Every structure is written in C-alpha cells, then in structure tokens.
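Structure assessment
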Amino acid sequence: MVQNARSRAPEGGDVAKSDLLQAYRRQKSEPEDNEQNNQEKQRGRPKRTSTGESIVVDFVANFVAGGNASFEPVKGRVLMSERRLILATSEAKTNIPITSIFDIAVGQVPKEVEEFFDYTVMVGYTNGRHRRTTVIGGDRDTIEKFSLLLFRAALNGSRAMVRHPARVGGRVLDTERKPTGLHLDYEAVTFPDEGGALSENGEPFHIDLASVIFFEVLERTVEDETRLVLSVQHVKDGQTVTSEISLRSRRKMNILGRYLRLVYHWIKSEVRNVEITEEGLEVLVGLYSTGEMAAQVDFSELLDVDQGVLDEELDKLHDENLIDDDSLPASLTPQGRFVVNEEIEDVNV
C-alpha cells in the first residue's frame, strides 16, 4: 500500500528527503542563530531597512537577479521585510515588492544555472509590464527556511472564499461559500475568521497537509464572476471530504497551489520507500484513532497482539519516522498521518 501510494496531485519539484516542515517548525520554535540579530533584539532594536521596515530574513547567498541574461550568479545579501524582497551586492540592489511575486518554485534548478547551484528557489515577479525571474541558491536547509517565509509573506492575511465541505465522499453538498482569512501554519493551511464562520469545535477550520490526497484547479462561479478554485480532497474524521478555496487574485492562487504541491510531494517522498507490515499498519491506525487517549489504552489488548510484537512494531514505525517516539504514548508524524489517510482513502473508495 505504502510503496504504491497514489500520486494524483500535480507534480512539483524533486523534494525527496526534504526537511521542509521540520525546518518550518524550527523557524517557529528556535531562536535566531544570527548573533547580531540576537543582540539587536536584546537591545529592543530589530533590524530595519532604510525606510523603516522590519527585516525578517537576512542571509548571504549566490543569486541571479532580475533575469540577468548572462546567468552569471553573484554573491550578496538576501533580505526580506513584510513588504519586499531585496537582493543586494556591493554594486547593485534589486527590490522586489512581495505583491509583485507571482511564482515561487523550490528545488527546481534551471538548466541555465544548474552548474552553479545545488539547491535553489526561483522567484517570478513583475517589473512594470515585464516578467522577471531571480534564482537564489544555497544549502538546502537555508533555502527551504527562506522559501517558507516567502510563501507566508505572499499569502498570510489574504481573504478567501471557502466552501467546506463541498463533498463528503462522492456526495455533493449544497454548502454556501463563506469569506474567511488564510494563514499558512506549520503543518496546515488555516482559515481564521473573527466571525467564526468556518469554526469547528471552537477552532478555525484547517486542512492538515498530511491528510491531502488529491487537489486540482477548477473554474467556478464565485461572487458572480468566473474564478479559479482550488479543490482539495482530504481526510477528516475518517471521511474523505472536499473543500474548495478561492482567492480573488490569480497570482495568489498560483502561489497557494505551488505551496500545496511542494508540501504534498515532500510528505509523499518521505514514505515512498517505507515498508510497513500489516501489524505495523494496525498499530499506526490505532494510534491515529485514539489520539490523545493513547496513553490510557492497552494497545496489546486492543490489537490482540503480544506486548513483544507491539514493542517491535513501535520500534520499526519510529525508525521509519512515522511516529515521534518508540514507546507509548506516541504521536503520528506528518508522514505517519499520510500513510493512515491513504489507507482510509483506500477503504472509502
């Protein structure tokens, strides 16, 4: 089942063995490594641009800026505020407003610069009536952290129209589209709204990225006009449901699709070669089903297996990075949830 997992989502870049979500979580939980940033924070003076904007990214990298026809990379500083991306060398500076970015492609090294870079993010943006491309290269961890912050800068705070659920299994529902916010979380896309229009159990509606099994872009009539809609099929509470997300901006819709495609393929690539026994799958599904109650459940009795067999399967699941601990209670990693959701989808088909 796991080795032949379906790949029905649009193909993205090669993100095999990526530290994508781990890097994202570290960005949330770890303090900045840059000593100067730490010192400035302690003094209460965050780094700012000459126009007073707070700097959220600052690192040295090699890049090709602004569609340079020579494709000769230069070394400089990459800085980003909430409003713009800045590529600066001793001789020139390229300012890219965040609102001008229409594409973010991670891990795809263009042929023109593949001899110079091992891992890149390619940023497409507009400059007046012209489309430009910049390629930023570096070590995988740095580029992925930066890329995720760039995705967040481009999308967080956007207003969306969401229809949830649009389908449950094969049944189409007449669910009204509702306005809401959009926020890229560390393992989910969350739709916060002060009015609670899409709240579930008191929490904002969210799509667990490990639960996504298929998505596609469709055209729908939204607010009396034809718009692109991202149709996302995911597993929720043991059921396959479909949610539809629409942003007024086609530029942002493209970036959101890139983001989902990237994370989907990262998680899928991590389980592509995982070998799991039937007993291991039962343990994984049992942990998924019991959730926070796992500590109070006798799993050997629940699954009707000897404790020694259970311990062995827990070790294997932990070694395959499907659970976060080799003893109970243990939580499923995004990869573990992906495996279970694929199994649920197989059963529901």
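Residues numbered from 1 in each chain as written. Predicted model: local features only at pLDDT ≥ 70, side-chain atom pairs only at ≥ 80, totals over all residues. Heavy atoms only, no water.

Focus on the sheet that holds strand β11 (residues 183–184)
Strand order across the open sheet formed by three strands is β11-β12-β13, with antiparallel pairing between neighbours. A single partner strand is all that each edge strand has here, and the edge strands are β11 and β13 (205–208). By the bridge criterion, two bridges tie β11 to strand β12 (residues 188–191) in an arrangement that is antiparallel. Bridge pairing in β12 links leucine 184 to valine 189. (Pairing = 2+ DSSP bridges. Helix = DSSP H or I, 4+ residues; strand = E, 2+ residues; numbered from the N terminus.)

A closer look at the packing of aromatic side chains
For the structure shown, the criterion picks out five aromatic pairs. By way of ring pairs, the aromatic residues Phe215, Tyr264 and Phe338 are connected into one cluster. Positioned above the aromatic ring of phenylalanine 102, the side-chain terminus of arginine 131 is 4.1 Å from the ring centre. (Phe/Tyr/Trp six-rings, centres within 6.5 Å; stacked < 30°, edge-to-face > 60°. Lys NZ or Arg CZ within 6 Å of the ring centre and 35° of its normal.)

Considerations on the sheet that holds strand β3 (residues 84–88)
Through backbone hydrogen bonds, the strands of a sheet pair up, either in parallel or in antiparallel fashion. Strand order in the open sheet formed by seven strands is β4-β3-β2-β1-β7-β6-β5, with antiparallel pairing between adjacent strands. Across the chains shown, the open sheet's two edge strands, defined by having one partner strand only, are β4 (93–97) and β5 (101–106). Here the strands of the sheet are splayed against their neighbours by 30° on average, with no regard to which way each runs. Here four bridges tie strand β2 (residues 74–81) to β3, and the two strands are oriented antiparallel to one another. If you follow methionine 80 over to β3, its bridge partner there is leucine 85. (Axes fitted to C-alpha atoms, helices over the stretch in contact; angles between N-to-C directions.)

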